[in-house]
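# Residue-level structure breakdown
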Amino acid sequence: MPREIENNEKLRLDFEAHLLLERGMSENTSAAYLVDVGHLLDFLEARSISPEATTEQDLHQLLASIHDMGISPRSQARMIAGMRSFFKFMKMEGYIEADPSELIESPRLGKYLPDVLSIEEIDAMIAAIPTDKEESLRNHAIVETLYGSGLRVSELVEARISRLSLDDALLIVEGKGSKQRIVPMSPASVSLIRDYLPQRDRLKIKKEGEDIIFLNRRGAPLSRVMVFYIIRDLAAAAGIQKTVSPHTLRHSFATHLLEGGANLRAIQEMLGHESIATTELYLHLDRSRLRRELLEHHPHYKSR
């Protein structure tokens, strides 16, 4: 006989703990799943349907209402993924015997890739960095590290000195699901970080920033939002009309490697993609845009 649910809030908190502790999801992913499950619980409550009594038909009605709101297929697919995780959790915990989301199909998604910067545009962003500002060296190092290693912004702001080897040009980062990977660093990013560290050490560093590479003026770790503003403002200063964020540099890193002939599996490993299918999004790109290679493939690994 299925277990009895105390209340929806307790169920939601237990699901959150399951995502973070048992499945090892990042806080961002688990937060997104919790928002989507919150929509599901609100929908059910409005119709006086308990979570354990939910049917496949109920879920189809919810998805139909979301579709009618004009929600994108990508967001619909993410919501379905959240619901599936939620009902798998309920089944595993003994709240339900049958999973109502088992046969729910995700909408078909077209291949999508955000704006990618050309090598000239990245060089223009670097050229737009003021040379007379206290944070100039740090910001230059940030751009080169994002583009030279294909980091997520969360990986950049959490990058640690104790996991950095400038002599070997390697950095250990913690990606999604708390999974660590070793990423190579470009000669430019190694040189810039080497120059930046003495400047960083002159700050009045807060306890939480002691092992963090990139700090703000107050000696605390940079926030992801701050890095977003740094990249956005540099793109604007360079006259770039595209929508540019830290993730744009990550996509540019992968795109330029692919255009240079890099192996897709190697790109997958460098990006920290769990599935090769995620990396394959880059395959539709026109290889004719290749400008030059560095080391074998990446432009900023060659002498500038």
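Each remark here, short or long, concerns the structure printed above.
The sections below set out a description of the structure shown in this document. (Residues numbered from 1 in each chain as written. Predicted model: local features only at pLDDT ≥ 70, side-chain atom pairs only at ≥ 80, totals over all residues. Heavy atoms only, no water.)

### Details of the overall build of the protein
Counted only if it meets this: Each helix is a run of DSSP H or I of at least 4 residues and each strand a run of E of at least 2, with the numbering of both proceeding from the N terminus. Throughout this description, buried means an accessible area under 20% of the type-specific maximum (1.4 Å probe, protein chains only), exposed means over 50%, and partly exposed covers the range between. It only takes one pair of heavy atoms within 4.5 Å for two residues to be counted as in contact.
A tally of regular secondary structure across the protein gives 12 helices and three strands. Counting every position in the protein, which comprises 304 residues, the buried fraction comes to 45%. Of the contacts formed within the protein by residues at least 6 apart in sequence, a portion of 62% connects residues at least 24 apart.

### Notes on the packing of aromatic side chains
Counted only if it meets this: Any two of the Phe, Tyr and Trp rings considered here, Trp counted by its six-membered ring, make a pair once their centres fall within 6.5 Å; the pair's planes then place it as stacked at under 30 degrees, edge-to-face at over 60, or tilted in between.
What the rule picks out here adds up to five aromatic pairs. When the ring of Tyr196 is compared with that of Phe214, the centres are 5.7 Å apart and the planes differ by 25 degrees; the resulting orientation is stacked. With a gap of 18 residues between them, Tyr196 in helix H8 (residues 187–201) and Phe214 in the loop between H8 and helix H9 (224–237) connect regions that are remote in the sequence. An identical accessibility class is assigned to Tyr196 and Phe214; each is buried. In textbook terms, an aromatic cluster arises when at least three aromatic residues are bridged by ring pairs, as seen for Phe15, Phe86, Phe87 and Phe89.

### Some details on a nonpolar patch on the surface
To keep things clear, this is the line we draw: Exposure above 30% relative accessible area and no salt bridge define the residues that can form patches, which grow by joining like charges within 9 Å and nonpolar side chains of Val, Leu, Ile, Met, Phe, Trp and Tyr within 5 Å. Using a 1.4 Å probe, the Shrake-Rupley method yields the accessible areas, and only the shown protein chains count as cover for residues. Every case where a carboxyl oxygen of Asp or Glu lies within 4 Å of a side-chain nitrogen of Lys or Arg is listed as a salt bridge.
A contiguous nonpolar patch, built from Leu170, Ile172 and Ile182 and spanning about 240 Å² of accessible area, is present on the exposed surface. Counting through the fold element by element, Ile182 comes out in strand S3 (residues 180–184).

### Overview of the layout of surface pockets
Note the following rule: Grid points spaced at 1 Å over the protein atoms alone were grouped into cavities, where a 1.4 Å probe fits but cannot get out, and pockets, open sets with protein on both sides within 12 Å along at least five of seven lines, with lining residues defined by an atom within 4 Å of a point. Grid points are joined across faces, edges and corners, and a volume is the space filled by probe spheres set on the points. Residues are grouped as follows: Ala, Val, Leu, Ile, Met, Phe, Trp, Tyr, Cys and Pro are nonpolar; Asp, Glu, Lys and Arg are charged; all remaining types, including Gly, are polar.
If you add up the space inside the second largest pocket, you get close to 300 Å³. Lining the second largest pocket are 18 residues; nearest its centre among them are Glu135, Arg138, Asn139, Met226 and Ile230. Within the residue set of the lining of the second largest pocket, elements represented by two or more residues are helix H6 (136–149) and H9. It is H9 that provides the largest number of residues to the lining of the second largest pocket, a total of six residues. Within the lining of the second largest pocket, the residues separate by chemical class into nine nonpolar, three polar and six charged.

### Section: the sheet that holds S3
Under the convention used in this document: Here a strand pair is declared whenever DSSP counts at least two bridges between the two strands.
Taken together, the three strands give an open sheet; going across it, the order is S1-S2-S3, and neighbouring strands pair in antiparallel fashion. Pairing within the sheet leaves two strands with one partner each, and these edge strands are strand S1 (164–165) and S3. Sheet topology places strand S2 (residues 170–174) next to S3; five bridges connect them, and they run antiparallel. Residue pairing in the sheet places Leu170 in a bridge with Pro184 of S3.

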